[in-house]
Amino acid sequence: MKQKVVIRAVVERHGRVLLLRRHGGRSSIAGLYELPGGSLHRGEQPTDALKRSLQIHAGLFPESIQLRDVVSFIDPDNREMQYVFITYEVSLPEGSPRISLDDEYDHYTWKSLSDIQQEKITNSTAILLNIGTGKRADSDLILDGLKNAVKDTTLLIYSDGGSRGNPGPSAAAYIIMDRDQNIVAQDGKFLGHGNSGMAEYVGVELALQKAIELGAKNIEFRSDSLMVVNQLNGLFSVKNQEFRAIHDRIIHLMLQFQRVNFRHVHREYNRIADGLVNKILDENE
């Protein structure tokens, strides 16, 4: 699968977000609004790419830049292309010059999130701003662990893996929740002798397999393994040959979702999955 890293800016002023309308491009994005930004060039730092893109496309010079999110997105027009969107929150200095668009855009607007119409923005912009991806299904959710009406909602997954001794006895586990923090499914697996990195990957793989079984389309992962998060977001290459096979299997599973987002969290925010891993290890001592 090919990967492309794209930088986007959430430029907010008086509670409204800046959107630029595409002048051309392929049919799926032409005439639609999107967040300002551009592609990351080889060897370029993301923040430098953002500054460059804002200057070229909108004539803007940011005052401050803060990382907002990193999202993996499979292009619906080309299922072999994975986009990695790095999104920053950007503030502008007082008295910034008037926005000046280049040839790629023909109009700009400032919109509050509640006023943005999904049909007028690109799919990636809807995902980055979480517009239209977090709605609950019309029917009640049936939390039987096997069949669940979750196609129109976003599921939150906490995954974890651990090895006592590293390498040593290892296990992986996951917790799947809906947006109201109700547990939809949870499970884990004793892996025998292994290392913590592999266990972390197995936790993700098990969770994705279960999410597919549940019929989910939008997934947000939380993991305390920075290595796994950055590798699955395409920011780091997989240099350890031991992880290549499971990494490729996970990428293949991701193709069955509309949106998969991996975010790193500190261990204290992943206590439930961590506790399940330790419970499995205790039971297999």
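Look above for the structure.
For the structure given in this document, a descriptive report is provided here. (Residues numbered from 1 in each chain as written. Predicted model: local features only at pLDDT ≥ 70, side-chain atom pairs only at ≥ 80, totals over all residues. Heavy atoms only, no water.)

## Re helix α6 (residues 271–283)
Given a rise of 1.5 Å per residue, 13 residues ought to cover 18 Å, and the 18 Å separating the end C-alpha atoms of α6 matches this to within 8%. The set of residues buried in α6 consists of Ala273, Leu276, Val277, Ile280 and Leu281. On an axial view of α6, the arc spanned by its buried residues comes to 135 degrees, and they lie on one face. Facing away from the buried surface of α6 by more than 90 degrees, the exposed residues are Arg271 and Glu283. Contacts made by the buried residues of α6 are with β8 (154–163), β9 (168–177) and β10 (183–194). (Helix = DSSP H or I, 4+ residues; strand = E, 2+ residues; numbered from the N terminus. Expected span 1.5 Å × (residues − 1). Buried < 20%, exposed > 50% of the residue type's maximum accessible area, 1.4 Å probe, protein only. Arc of directions from axis to C-beta. Contact = heavy atoms within 4.5 Å.)

## A word on the environment of Ser114
Within the secondary structure, Ser114 is located in the loop between β7 (105–111) and α2 (123–128). By relative accessible area, Ser114 is classed as exposed at 67%. Sequence separation between Ser114 and Arg16 is 98 residues, and the spatial gap between their C-alpha atoms is 9.6 Å.

## Side note on the pairing of β9
Counting buried positions along β9 gives 9 out of 10 residues, so the element sits mostly inside the fold. The sheet contact formed by β8 and β9 spans 8 bridges and is antiparallel. Pairing of Leu156 across the sheet is with Met177, part of β9. Hairpin connection from β8 to β9: 4 residues lie between these consecutive antiparallel strands, with Gly165 at a positive phi of about 110 degrees. Pairing between β9 and β10: 10 bridges, direction antiparallel. Within β10, the position partnered with Ala172 by the bridge is Lys189. The hairpin formed by β9 and β10 contains 5 residues between the paired strands, and Gln181 there has a positive phi angle of roughly 70 degrees. (Pairing = 2+ DSSP bridges.)

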